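Listed here are the chains, written in short residue letters.
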Amino acid sequence: MSFRLNRYFYLLIAVLLLTASACSNRISTFGRTKIAQKSDSLQLKERISAIKSFEVKSFEKGLFKDTSDITLTYRLFKPLNAKQVKLPLVVVFHGSNAIGTDNLNQVGILAKLFAMDKTQTKYPAYVLAPQFPSRSSNYTLDKKRNLLTSVPQPVLIAALALIDSLKTSLNIDYKRVYGIGFSMGGSSAVNVLALKPNLFAAGISISGIPQFDNIETISEIPLWLIHGNIDTENPFSSDEQFYKELSSKNRIRFWELDQLSHNDIFSMSFLGEELPNWLFKNKLK
């Protein structure tokens, strides 16, 4: 009887450990994961609608001019307890459809997701959404790889100057500054890691085009790539190759979303707590 009980006890412990390990791997490990397409269209619509309903007026308006006379409009979300404790800064880079100066269209799903009450309760942070009057990243052919690569533009360097200026006026935790974006913004999230690696603790690029000419620098920074494998607007193949070249450093996470294209990439798999949960685990030394 004792032997049988011991056997069941050890089996139970093994199951619990495997379950805990699986949950932990989903959040904290690096590597490649293929996420199956799910029939969650109603749930997804409700989630996206809830995020979009978050009011833009919760973000303060701002205007910044850098030393080269580039002017950026921006929106800034400040947490309620910002003055009491140093908090992370999440910089959200927008896609090409939000290029302009209206200081409104750049506040999309990602910026609102990080500013929502439910997210802020568990992951309080400043959320910065700069708006670019022209493209922040352009694409060109990497002839060596025969793949698209991204090239940062002057307005992106101006955004880095904006971040530096906010670091002196806000109660920001310098060790927890993060870059995230979708499409052109995802490309820019990778570009800023190469431009200023000592500034960012981690980055997330959704449906972006990577930068291949500074791989050694980027490979030292935790980076999460999310890309639909039937994306033809920003081809999946560029991120796939980028992951292959960086994976040996074990600092990159790559989610391949099966059968999703460029504009349907937002899914329930990461529109909950997954993005902040992974992002805020990373901190500069």
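Residues numbered from 1 in each chain as written. Predicted model: local features only at pLDDT ≥ 70, side-chain atom pairs only at ≥ 80, totals over all residues. Heavy atoms only, no water.

### Some thoughts on the overall build of the protein chain
Rules: In this description a helix means any DSSP run of H or I spanning at least four residues, a strand means any run of E spanning at least two, and both kinds are numbered starting from the N terminus. Using a 1.4 Å probe on the protein chains alone, a residue whose accessible area is under 20% of its type maximum counts as buried, one over 50% counts as exposed, and one in between counts as partly exposed. Should any heavy atoms of two residues lie within 4.5 Å, those residues are considered in contact. To measure how exposed things are, a 1.4 Å probe is used in the Shrake-Rupley method; for residues, cover is taken only from the protein chains shown.
Per the secondary structure count, the protein chain includes 9 helices and 11 strands. Scored against the burial criterion, the 285 residues of the protein chain give a buried share of 52%. Once local pairs closer than 6 in sequence are excluded, the contacts in the protein chain between residues at least 24 apart make up 74%. Surface accessibility of the protein chain: about 13900 Å² in total, with carbon and sulfur atoms responsible for 53%.

### Overview of the pairing of strand E4 (residues 87-93)
Quick note on the threshold: One bridge is not enough; two strands pair if DSSP finds at least two bridges between them.
For E4, the tally of buried residues reaches 7 of 7 residues, placing the bulk of the element in the interior. Note that E4 and strand E8 (residues 172-182) share 6 bridges and pair parallel. Within the sheet, the bridge partner assigned to Val91 lies in E8 and is Gly179.

### Observations regarding the sheet that holds E8
So the rule is basically this: The convention used is that axes are lines fitted to C-alpha atoms, helices contributing only their stretch in contact, and that angles between N-to-C directions extend from 0 to 180 degrees.
As summarised here, the arrangement of the 9 strands in space is E1-E11-E10-E9-E8-E4-E5-E3-E2, forming an open sheet in which the pairing is mixed. Because the sheet does not close on itself, it has two edges, and the strands there are strand E1 (31-35) and strand E2 (60-65). Mean inter-strand twist for the sheet, computed between neighbouring axes without regard to direction, equals 20°. The pairing of E8 with strand E9 (residues 202-206) spans 5 bridges and is classified as parallel. Residue pairing across strands places Gly181 opposite Ser205, the latter belonging to E9.

### Quick notes on the environment of Arg251
Looking at where Arg251 falls in the secondary structure, it is placed in the loop between helix H8 (236-246) and strand E11 (252-257). As for Arg251 and Pro222, which are separated by 29 residues in sequence, their C-alpha atoms are 4.8 Å apart. Non-local contacts of Arg251, meaning those with residues more than four positions away in its chain, are made with Phe30, Ser219, Glu220, Ile221, Pro222 and Leu223.

### Brief notes about the packing of helix H5 (residues 154-169) against helix H6 (residues 184-195)
For the record, the criterion: Roughly parallel covers angles under 35 degrees, roughly antiparallel covers those over 145, roughly perpendicular covers 65 to 115, and oblique covers all other angles. Crossings are sorted by hand: turned counterclockwise from the far helix by less than a right angle, the near helix makes the crossing left-handed, and turned clockwise it makes it right-handed. Under the scheme applied here, ten amino acids are nonpolar (Ala, Val, Leu, Ile, Met, Phe, Trp, Tyr, Cys and Pro), four are charged (Asp, Glu, Lys and Arg), and all others, including Gly, are polar.
Following both chains from N to C, one finds H5 and H6 inclined at 65°, their axes separated by 11 Å at the closest point. By the angle class used here, H5 and H6 are roughly perpendicular. Every pair of crossing elements has a handedness; the one defined by H5 and H6 is right-handed. Contacts from Leu156, Ile157 and Leu160 of H5 reach H6 at Ser188, Asn191, Val192 and Leu195. Grouping the constituent residues of the contact of H5 with H6 by class yields 5 nonpolar, 2 polar and no charged.

### What to know about the nonpolar core
Basically, it comes down to this: The nonpolar core is taken to be a set of buried Ala, Val, Leu, Ile, Met, Phe, Trp, Tyr and Cys residues, with the residues joined through side-chain atoms within 4.5 Å.
In this structure, Leu128 and Phe242 are the most contacted members of the largest nonpolar core, which totals 44 residues. At 8 residues, the largest contribution of residues to this core is made by H5. Listed in part, the 42 residues of the second largest apolar core include Ala125, Phe182, Ile206 and Ile265.

### Comments concerning the layout of surface pockets
Stated formally: Throughout, the protein atoms alone are placed on a 1 Å grid, and a set of points is a cavity if a 1.4 Å probe fits but cannot get out or a pocket if it is open with protein on both sides within 12 Å along at least five of seven lines; lining residues have an atom within 4 Å of a point. Grid points are joined across faces, edges and corners, and a volume is the space filled by probe spheres set on the points.
What the largest pocket holds in volume is close to 400 Å³. Elements supplying a minimum of two residues to the lining of the largest pocket: E4 and helix H3 (109-115). With 4 residues, the single largest contributor to the lining of the largest pocket is H3. Of the residues that constitute the lining of the largest pocket, the class distribution is 9 nonpolar, 7 polar and 2 charged. Here the second largest pocket is characterised by a volume of approximately 200 Å³.

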